[in-house]
Amino acid sequence: MASIPSRTKHKACLLCSIIQLSTNFEGNGCQICEEITQLRGSTGRMSVCTTTNFDGMIAVFDPKPSWVRLWTCEAKHVREMYAVRVDGRVPEDVEAELESPRTEYTERPE
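Predicted model only: the values in this text are computed from it and were never measured.

(A) Region of the structure containing the side chain of Thr 50. Considering the arrangement of structural elements, one finds Thr 50 in strand β3 (residues 50–51). A polar atom in the side chain of Thr 50 sits 2.6 Å from the backbone oxygen of Met 46. If we skip the residues at most four places from it in the chain, Thr 50 touches Lys 11, Ala 12, Cys 13, Leu 14, Phe 25 and Leu 39.

See below:
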């Protein structure tokens, strides 16, 4: 049976909004945007690229036809829980990477 994420143990990625256990972010990185956020193995990086301050949750069961994928402007969704809205900004180096011509990113509407 699925459980509802607890904000004391779960965080949302500031970039893709995926919700995971804090230990998963630190141990495995972000399933969606690890290439950019580089969370794996870095407590400091995890603390600036994730947040416990998020509203609502959306579950994705089948990523291909998912309206959630379209709504969040993410092409690379996995079966997981996502925050509807996250509060916070990614660090400047991540913003710079997003502006790079080699990075494909669409900002989510406010």
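(B) Seen up close, the pairing of strand β2 (residues 18–21). Relative to β2, strand β1 (residues 10–13) is paired through three bridges, and the arrangement is antiparallel. The partner of Ala 12 across the bridge, within β2, is Ile 19. Here β1 hands over to β2 after four residues, with Ser 17 in that stretch at a positive phi of 75°. Examined bridge by bridge, β2 and strand β5 (residues 80–86) share two bridges and lie antiparallel to one another. Note on β5: the bridge partner recorded for Ile 18 is Tyr 82.

(C) Looking closely at the confidence of the model for the protein chain. With 68% of its residues at a pLDDT of 70 or more, the protein chain has an overall mean of 78. The weakest mean pLDDT in the protein chain belongs to helix α4 (residues 67–71) at 60; the strongest belongs to β3 at 93.

(D) Structural context of the nonpolar core. Within the largest apolar cluster, 23 residues are counted, with the highest numbers of intra-cluster contacts made by Cys 13, Leu 15, Cys 16, Ile 18, Phe 25, Cys 30 and Val 94. Secondary structure elements with two or more residues in this core: β1, β2, α3 (43–49), β4 (54–60), β5 and α5 (92–99). The leading source of residues in this core is β5, at three residues. In contact with Cys 13, other than residues within four places in its own chain, are Ile 18, Phe 25, Cys 30, Cys 33, Thr 37, Cys 49, Thr 50 and Val 86.

(E) Spatial organisation of the pattern of salt bridges. For the structure shown, the criterion picks out four salt bridges. A salt bridge links Arg 85 to Asp 55, with the nearest nitrogen and oxygen atoms 2.1 Å apart. A residue pair is termed long-range when its members are at least 10 positions apart, and Arg 85 in strand β5 and Asp 55 in strand β4 qualify at 30 residues. As a salt-bridge pair, Arg 85 and Asp 87 come within 2.2 Å of each other at their nearest N and O atoms. Using a relative accessible area of 39% as the deciding quantity, one classes Arg 85 as partly exposed. The exposure class assigned to Asp 87 is partly exposed, which follows from its relative accessible area of 30%. Residues joined in a network through salt bridges with shared partners are Asp 55, Arg 85 and Asp 87.

Rules and cut-offs
Residues numbered from 1 in each chain as written. Predicted model: local features only at pLDDT ≥ 70, side-chain atom pairs only at ≥ 80, totals over all residues. Heavy atoms only, no water. Helix = DSSP H or I, 4+ residues; strand = E, 2+ residues; numbered from the N terminus. Polar contact = N/O pair within 3.5 Å; in protein donor to acceptor, adjacent residues only side chain to side chain. Contact = heavy atoms within 4.5 Å. Pairing = 2+ DSSP bridges. pLDDT = per-residue confidence, 0-100. Core = buried A, V, L, I, M, F, W, Y, C linked by side-chain atoms within 4.5 Å. Buried < 20%, exposed > 50% of the residue type's maximum accessible area, 1.4 Å probe, protein only. Salt bridge = Lys/Arg side-chain N within 4 Å of Asp/Glu carboxyl O.

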